[in-house]
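Reading the structure
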Amino acid sequence: MRRVQGRERKDPVDKRTIAEPYKIKVVEPLRATTRDYRAEKIREAGYNTFLLRSEDVYIDLLTDSGTSAMSDNQWAGMMLGDEAYAGSRNFYHLEAAVQEIYGFRYVVPTHQGRAAEHITSQLRIKPGQYVPMNMYFTTTREHVELAHGIFYDCIIDEAHDPANPHPFKGNVDLAKLDRLVQEKGRDAIAYLSLAPCVNMAGGQPFSMGNLRQVAAWARRHGIPIIFDATRAVENAYFIQQREPGYAGKPVREILREMMSYGEGCTMSSKKDNLVNIGGFIATNNEEFFVQAKEMVVVYEGLHTYGGLAGRDMEAIARGIYEMVDDAYIASRVRQVEYLGSRLREAGIPIVEPVGGHAVFVDAKRFLSHLPQEEFPAQALAAALYVDSGVRGMERGIVSAGRDPVTGEHRRPKLELVRLTIPRRVYTNLHMDVVAESCIALYGERRAIRGLKMVYEPKKLRFFQARFEPIVP
Ligand SMILES: Cc1ncc(COP(=O)(O)O)c(C=O)c1O
Ligand SMILES: N[C@@H](Cc1ccc(O)cc1)C(=O)O
């Protein structure tokens, strides 16, 4: 594959490059640093990439959350912010965009996704109830547990195997759902929380076929589906590309069909919606809507702004229409695949297939000389930063935290470093720099030492934990 700022069509007849469907109008300089400087900075940051200053990072692949480049249309919308406390016109634009594109009737804005999760968990979970999810997400599970609910993993087993090439590793295993109902009874289940493009599995989509079956199961048992719609458009793109019957169908229609199987969703707009801040709850359940509106005023702000400025709601509304542009979403997901293909060609172990928002390096295989107690993914993310100033994120034993009942480390099968690609921000030459750094490190992998944790926060420990190298 040519190293150019576009990607090549798979179609052997037409080998022409497809470029990004936008041009760059504003740029932000990047700062290069030396290796010694970075070694000092990561030490000061306790070997945790979350604790680095962004100005010390060269290419920032920590997250795709809130890091998108907004369009000129979104920036123009920011100038039309109606900063009224109540009834801002931008709220009505947001509401209309969600109704039109996601298809849910009622909308409650929140300042970001976890606020929507907080309100939903508190209102919809009775203590002791289970919430089946297609793999955990850190904040979602935390809010389930804070509401005294119990997380239940119902994703297919293939999702826990980084090398398994299943095209829809985000699928739900219906036998696991059946088992839960048989053992605990229907009333022990609060709702099904389904995430498109499952973050912790590597950005893996579910298929429409699987979703239809899950929806039929849920209807039969009277259990609502509440999506975590954070990366739903990326999932819609994979359905378009991989699922029979959907080729050539606009992602906009696919997304609408996906959402039609749910009662509602929580949303972190900081991803698919192409903005730097925001989120919402959307639902067709009027009773839940009324309760959520009552609760949002306690934690976020009035129900027509939910912790957001008018200008932020306008940017989300416009981003919602932009995200369903087929050319945009193809370009976004193909850039992720481009980085994945460079690593794959070099023999670096990554999660296959490559997901929608990030390439996940398999630290277990990359650093096979380190046991999981020495935090291989944490060590690899730190080493990558020292090598090139590229910032990724640990997604392994540190992220998994401790079991609330036993207090023991949870030991996920996946021990990964996530290289997360912000939307419309970097070019493929940046991806080449990232790939070259991973390749160089792979050559020197035996020199990477394990870490010990010297500070461990009680909740969501990966954000602030501190480490030191293990001295042999
Ligand atoms: C799948 C998923 N759900 C929920 C959230 C929570 O969203 P936020 O960061 O906006 O609070 C995130 C990111 O944090 C996410 O990736
Ligand atoms: N949702 C964002 C921010 C985040 C990162 C890690 C987390 O565990 C929680 C939130 C992301 O996935 O990048």
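Rules of the game
- Residues numbered from 1 in each chain as written.
- Chains lettered and ligands numbered in written order.
- Predicted model: local features only at pLDDT ≥ 70, side-chain atom pairs only at ≥ 80, totals over all residues.
- Heavy atoms only, no water.
- Near = heavy atom within 4 Å.
- Polar contact = N/O pair within 3.5 Å; in protein donor to acceptor, adjacent residues only side chain to side chain.
- Areas by Shrake-Rupley, 256 points an atom, 1.4 Å probe, with all protein chains shown as cover.
- Helix = DSSP H or I, 4+ residues; strand = E, 2+ residues; numbered from the N terminus.
- Nonpolar A, V, L, I, M, F, W, Y, C, P; charged D, E, K, R; others polar.
- Domains from an automatic or database assignment.
- Contact = heavy atoms within 4.5 Å.
- Buried area = accessible area lost by both parts, 1.4 Å probe.
- Salt bridge = Lys/Arg side-chain N within 4 Å of Asp/Glu carboxyl O.
- UniProt positions renumbered as here; feature names shortened; annotations may be inferred.
- Buried < 20%, exposed > 50% of the residue type's maximum accessible area, 1.4 Å probe, protein only.
- Expected span 1.5 Å × (residues − 1).

1. Let's talk about the site of ligand 1
Near ligand 1 lie 13 residues; those nearest to it are Gln-112, Arg-114, Asp-228, Ser-268 and Lys-271. Within the contact set of ligand 1, an oxygen atom lies 2.9 Å away from a side-chain nitrogen or oxygen of Arg-231. In the model, an oxygen atom of ligand 1 is placed 2.6 Å from a nitrogen or oxygen of the Ser-268 side chain. For ligand 1, whose accessible area on its own is 380 Å², the fraction buried by protein is 94%. Per-element accounting of the shell around ligand 1 gives the leading share, three residues, to helix 4 (residues 113–124). A breakdown of the residues in the shell around ligand 1 according to their chemical character gives one nonpolar, six polar and six charged.

2. A word on the site of ligand 2
Looking at ligand 2, there are 14 residues lining it, with Thr-63, Thr-138, Lys-271, Arg-418 and Phe-462 nearest. A distance of 2.7 Å separates a nitrogen atom of ligand 2 from a polar atom in the side chain of Lys-271. Interatomic distance of 2.9 Å between a side-chain N/O atom of Arg-395 and an oxygen atom of ligand 2. Its free accessible area being 320 Å², ligand 2 has 94% of it covered by the protein chains. The residue inventory of the shell around ligand 2, partitioned by class, reads four nonpolar, five polar and five charged.

3. Some details on the domain arrangement of the protein chain
Interfaces are often described in size by the accessible area the parts lose on coming together. The domain boundaries assigned to the protein chain delineate domain 1 (6–60 + 326–469) and domain 2 (72–323). Spacing between the C-alpha centres of domain 1 and domain 2 amounts to 25 Å. At the interface, 36 residues of domain 1 touch 44 residues of domain 2. When the buried area of domain 1 at its contact with domain 2 is split by residue, Pro-353, Leu-414 and Arg-423 rank highest and sum to 19% of it. The tally of links from domain 1 across to domain 2 stands at six salt bridges. With a closest N to O distance of 3.0 Å, Arg-424 and Glu-322 form a salt bridge.

4. Regarding the UniProt feature "modified residue: N6-(pyridoxal phosphate)lysine" (unreviewed entry) in the protein chain
Listed under "modified residue: N6-(pyridoxal phosphate)lysine" (unreviewed entry) in the UniProt record, and renumbered for this structure, are Lys-271. Checked against the element boundaries, Lys-271 lands in the loop between strand 9 (264–268) and strand 10 (279–283). Relative accessible area serves as the criterion here: at 11%, Lys-271 is assigned to the buried category. Excluding anything up to four places from it in sequence, Lys-271 contacts Asp-64, Ser-65, Ser-68, Thr-230, Arg-231 and Arg-423. A polar contact is formed between the side chain of Lys-271 and the side chain of Ser-268, at a distance of 3.0 Å.

5. Observations concerning helix 4
Across its 12 residues, helix 4 extends 16 Å between first and last C-alpha, which sits within 8% of the 16 Å expected from 1.5 Å per residue. Most of helix 4 sits inside the fold, with nine of its 12 residues counted as buried. Residues of helix 4 that are buried include every one of Gly-113, Ala-115, Ala-116, Glu-117, His-118, Ile-119, Thr-120, Ser-121 and Arg-124, and no others. Where the residues of helix 4 are buried, they touch strand 4 (106–110), helix 5 (138–146), strand 8 (225–228), strand 9, strand 10 and helix 10 (286–299).

6. What about unusual backbone geometry?
Residue Pro-353 follows Glu-352 across a cis peptide bond; omega there is -15 degrees. The phi angle at Tyr-47 is positive, at roughly 55 degrees, despite the residue not being glycine. Counting through the fold element by element, Tyr-47 comes out in the loop between helix 1 (35–44) and strand 3 (59–60). Residue classification places Tyr-47 among the buried residues on the basis of a relative accessible area of 16%. We note that His-148 has phi near 65 degrees; this positive angle belongs to a residue other than glycine. Among the structural elements, His-148 can be located in the loop between helix 5 and strand 6 (150–153).

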